[in-house]
Amino acid sequence: MSPKHHQKHHAKRHHERHHEHATIIQQFREQLVQEDLLHEEDSIGIDDHTLLRFLRARHFNLKQSKLMWKNCQDWRSNVEGVGIDELYRRIDPWDYPEREHVFNCWPLWFHKTDKKGRPLNIHFFGGINMPELYKHISPERHWQTVLVNCESLTREVLPATAHSLGKPVDGTFVIVDLKGFSLSQFWQMKNLARQSFQVSQDYFPETMAQLAIVNAPSSFTTIWSFIKPWLAKETQQKVDILGTDYQKVLLDLIDAENLPESLGGKCTCPEAGGCDKSNAGPWNEGRKERREQWLRGEGEPHLGADLLQTPRQSPSASQSTVVVEVEMEMTVEMEVEVEVEAEVSNQIDAEETKSQITTITSTSDSLAESSSSESTPAPATPPIDELQDRFEHTSLHEHIHDNSEHHPLTLTQEASIREVVEKHPDTRKVDCDSQTSEQ
């Protein structure tokens, strides 16, 4: 099959999936409304993109997705005895009395976005000091701050980011820096980390798009053996374990101006006293005024309502496909890369291409092995023939989950493949719209 036919087949497959997902979202919404599980005033998120996250988490199984939604609504109504809405009123995740002490002993923050527009969520585990933390805040109160921080992602960070882009984003890019992190620190925070993972997976599904673990020490073999069973299989496939030579990989996905200097970028946020204290990003623009209005009962504290909200009653097909159509556009944009790669394959004979991919695979595996320092290896590399086929005919970033059996590309593999594409400047971008119209 020629590259052009492969491209047309690929576009047709996504077009069909687009309509399938739109139909399932509409059915899901109707069932939630009928069973009194979805209401206009629900803060869980009443937009199609939120419904899509729950469907993806349960592989588009309506029964299982509905059970997950019901459990989430029950949790949101009763957590900590007051519910998440009241907890979010009582505790501003980015401004509460103990915030500085918590930040110094458990450093984590949102900071700008990657090249796809996904918010960066940075954790510095080397700074964790639980005994010192509990001198300034009780374990119960600290857990409440963890919960409102989780809530801030779907209530403020993602909607505001989507508003700034004019389209939904597929989650956050989480970077966990393990520089200076020891086994003793892990034992201190192990139970809390496990509970946090569970809350995220059960009640905030499909909000993490990618997780990069950098500066992984040799002791991470033991640490990962504990953490891995806590994670869903789909979450494990989003994890890349890197050593100290990670900067090039991150800079391939994040503009240097957005990546903190401490991670190999150029950003220092001097006006805020450092990137770790800036909370820089679209979610912070006019945020104080929005929260004050929300506390007075004047709408939600995020910017994305006009973009993301759709009516609840008697949803029509056109209403329920809005977000899926936007996501299809996102997918098509990414498929431009695929079509460029197909052009490369036309210019390079098959043997040379296969040789390059073999080099990429071995180089990527070497990077992963050396950086992990005897830690649990990164996800298995697909066979060469399969990787070549993916290189030529599939998107590097699938925005709509297709439940395929393919192994995901790691960040190092992805960066290496990009290098091959960039070495051939004569390739041209293919007009996706014209190809779709040829269906």
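Each value, and the rule that gives it
Each chain carries its own residue numbering, running from 1 in the written order of its sequence. Where local features are concerned, this predicted model is filtered to residues with pLDDT of at least 70; where side-chain atom pairs are given and counted, the filter is 80 or more; whole-chain, interface and lining totals use all residues. The side-chain numbers reported here are obtained from all heavy atoms of the structure, hydrogens and water having been left aside. Strands here mean DSSP runs of E at least two residues long; helices mean DSSP runs of H or I at least four residues long; both are numbered from the N terminus. The rule is simple: take the accessible area with a 1.4 Å probe, protein chains only, and divide by the maximum for that residue type; under 20% is buried, over 50% is exposed, in between is partly exposed. Any pair of residues with heavy atoms lying within 4.5 Å of one another is described as a contacting pair. Where helices are involved, their axes are fitted lines through C-alpha atoms of the stretch in contact, as for all axes, and angles between N-to-C directions lie from 0 to 180°. Orientation categories follow fixed angle ranges, with anything under 35 degrees roughly parallel, anything over 145 roughly antiparallel, 65 to 115 roughly perpendicular, and all other angles oblique. Helix crossings get a hand from a simple test, with the near helix turned counterclockwise from the far one by less than a right angle marking a left-handed crossing and a clockwise turn marking a right-handed one. Under the convention adopted here, Pro, Cys and the residues Ala, Val, Leu, Ile, Met, Phe, Trp and Tyr are nonpolar, Asp, Glu, Lys and Arg are charged, and Gly plus all remaining residues are polar. Two strands make a pair as long as DSSP finds a minimum of two bridges between them.

1. A word on the environment of Trp69
Argument step 1. Counting through the fold element by element, Trp69 comes out in helix 3 (residues 62–78).
Argument step 2. With a relative accessible area of 0%, Trp69 lands in the buried category.
Argument step 3. For Trp69 and Asp202, which are 133 residues apart along the polypeptide, the C-alpha to C-alpha distance reads 9.2 Å.
Argument step 4. Here Trp69 is in contact with Phe28, Leu32, Leu37, Leu38, Ile44, Gly45, Thr50, Leu51 and Phe54, once residues within four sequence places are set aside.

2. Some points on unusual backbone geometry
Argument step 1. The phi torsion at Lys112 lies on the positive side, around 55 degrees, for a residue other than glycine.
Argument step 2. Along the chain, Lys112 turns up in strand 1 (residues 108–113).
Argument step 3. On the basis of relative accessibility, which here comes to 22%, the residue Lys112 falls in the partly exposed class.
Argument step 4. The phi dihedral of Glu206 is positive, around 55 degrees, even though this residue is not glycine.
Argument step 5. By secondary structure assignment, the location of Glu206 is in the loop between helix 8 (183–203) and strand 4 (208–214).

3. Quick look at the packing of helix 2 (residues 48–57) against helix 3
Argument step 1. The interhelical angle for the contact between helix 2 and helix 3, taken along N-to-C directions, is 120 degrees, at an axis separation of 8 Å. Between helix 2 and helix 3, the angle is such that the two are oblique. Considering the relative orientation of helix 2 and helix 3, their crossing is right-handed. Where helix 2 approaches helix 3, its residues Thr50, Leu51, Phe54, Leu55 and Ala57 are matched on the opposing element by Leu62, Ser65, Met68, Trp69 and Cys72.
Argument step 2. When the residues that make up the contact of helix 2 with helix 3 are grouped by side-chain class, the tally is eight nonpolar, two polar and no charged.

4. Overview of the sheet that holds strand 4
Argument step 1. The strand order 1-2-3-4-5 describes an open sheet built from five strands, whose pairing is mixed. At either end of the open sheet lies a strand with only one pairing partner, and these are strand 1 and strand 5 (239–241). Strand after strand, the sheet turns through a mean of 20 degrees between neighbouring axes, direction not considered.
Argument step 2. Note: strand 4 against strand 5, three bridges, orientation parallel. Each residue of the ladder has a partner; that of Ile213, found in strand 5, is Ile241.
Argument step 3. With respect to the sheet, helix 7 (residues 139–165) is in contact with strand 1, strand 2 (119–124) and strand 3 (172–177), its orientation differing from that of strand 1 by roughly 10 degrees.

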